[in-house]
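Notes for the structure review
These are the residues of each chain, in order.
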Amino acid sequence: MNYQLADVLEAPIISEKSTIAAEKDHRFVFKVKKQATKKQVKNAVETMFSVEVDSVHVLNVKGKEKRFGKTLGQRSDWKKAYVKLKPGHDINFATP
């Protein structure tokens with residue numbers, strides 16, 4: 001399946017772990033489509049934020065089992081991508 005670049009990235013993940021990774025070695029974390037490839041993620045980030053990407057690491061996150069009253073349910077599986085930028089490039093999510 002061929003996605004538009006805007007459809008590949010779903011949302012940035014802002015957490016304590018991702019903030020430390022961003023400050024330490026310019027590595028940003030995004031929630032991406034389950035079918036997205038490393039190349040699609042790289043192209044989407046470079047186009048949307050006008051930066052140069054050094055490397056992309058993707059991983060599948062398993063959905064947790066949760067109990068809803070008496071029934072046992074399962075959250076959906078999803079994919080996230082760690083995107084490392086080349087030196088001198090940065091993404092600032094605080095600006096509108």
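Details of the structure are given in the entry above.
Everything in this summary refers to the structure shown in the same document. (Residues numbered from 1 in each chain as written. Predicted model: local features only at pLDDT ≥ 70, side-chain atom pairs only at ≥ 80, totals over all residues. Heavy atoms only, no water.)

Notes on the sheet that holds strand S2 (residues 27–32)
If you walk across this open sheet you meet the four strands as S1-S2-S6-S3, and the pairing is antiparallel. Unpaired on one side and paired on the other, strand S1 (9–12) and strand S3 (53–61) mark the two borders of the sheet. Adjacent strand axes in the sheet meet at a mean angle of 30° when their direction is disregarded. One ladder, built from six bridges, connects S2 with strand S6 (residues 78–85); its direction is antiparallel. Note on S6: the bridge partner recorded for Phe28 is Val83. Sheet strands in contact with helix H2 (residues 16–25) are S2 and S6, and its direction is about 140° off that of S2. Taken strand by strand, helix H3 (residues 38–49) contacts S1, S2, S3 and S6, and its axis lies near 125° from that of S3. (Pairing = 2+ DSSP bridges. Helix = DSSP H or I, 4+ residues; strand = E, 2+ residues; numbered from the N terminus. Axes fitted to C-alpha atoms, helices over the stretch in contact; angles between N-to-C directions. Contact = heavy atoms within 4.5 Å.)

Function cannot be read off these values alone, since they describe shape.
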